[in-house]
Amino acid sequence: MTFGDAVLDIARAVGRDIRYVPLTPEAYADEQRAQGVPEEWVRLSVGLYEHVRSGSLASLGDGVRRSLGRAPRDFADYARAAARQGAWTG
């Protein structure tokens with residue numbers, strides 16, 4: 001699942017036009033700095049973001065089943081449930 005896929009699921013769940021706009025790591029860091037995020041967190045989040053973007057976490061595992069004792073649910077199902085609870089209302 002990509003960031004774009006997740007945003008599309010959220011947009012559908014809330015019935016709004018929401019779009020994912022990819023940023024370069026540098027632009028992402030600049031946006032965080034402009035919001036006053038401390039530099040150590042900027043570096044950490046840029047590193048995590050790059051790790052996700054690289055696809056190295058793309059394989060499925062059984063962590064949800066092992067830790068929660070149930071099958072994982074589809075992100076679109078989660079997005080709909082969260083939207084019903086007001087997660088993305090302004």
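The structure this text deals with has already been given above.
Residues numbered from 1 in each chain as written. Predicted model: local features only at pLDDT ≥ 70, side-chain atom pairs only at ≥ 80, totals over all residues. Heavy atoms only, no water.

A. Fine view of the overall build of the protein. Counting its regular elements, the protein contains five helices and zero strands. Overall, the protein shows an N-to-C arrangement of helices and strands of α-α-α-α-α. Relative to a compact globule of 90 residues, whose C-alpha radius of gyration would be 12 Å, the protein shows 16 Å and is clearly more extended. When burial is assessed residue by residue, the protein has 19% of its 90 residues classed as buried. (Helix = DSSP H or I, 4+ residues; strand = E, 2+ residues; numbered from the N terminus. Rg over C-alpha atoms; globule rule 2.2 N^0.38 Å. Buried < 20%, exposed > 50% of the residue type's maximum accessible area, 1.4 Å probe, protein only.)

B. A look at the packing of aromatic side chains. Summed over all chains, the structure comprises five aromatic pairs. Taking the centre distance of 6.4 Å and the plane angle of 90° together, the rings of Tyr78 and Trp88 count as edge-to-face. Placement of Tyr78 in helix α5 (residues 75–84) and of Trp88 in the segment after α5 is noted, with a sequence separation of ten residues between them. Three or more aromatic residues joined by ring pairs make a cluster, and in this case those are Phe3, Tyr20, Tyr28 and Tyr49. (Phe/Tyr/Trp six-rings, centres within 6.5 Å; stacked < 30°, edge-to-face > 60°.)

C. Spotlight on the packing of helix α1 (residues 3–14) against α5. Where α1 meets α5, the axes come as close as 8 Å, and the angle between the chain directions of the two elements is 40°. It follows from the interaxial angle that α1 and α5 lie oblique. Viewed along their axes, α1 and α5 form a crossing whose handedness is right-handed. Only Phe75, Ala76, Ala79, Arg80 and Ala83 of α5 make contact with α1, whose side of the interface consists of Ala6, Asp9, Ile10, Ala13 and Val14. Of the residues contributing to the contact of α1 with α5, the split by class is eight nonpolar, no polar and two charged. (Axes fitted to C-alpha atoms, helices over the stretch in contact; angles between N-to-C directions. Parallel < 35°, antiparallel > 145°, perpendicular 65-115°, else oblique. Left-handed = near helix turned anticlockwise from the far one by under 90°. Contact = heavy atoms within 4.5 Å. Nonpolar A, V, L, I, M, F, W, Y, C, P; charged D, E, K, R; others polar.)

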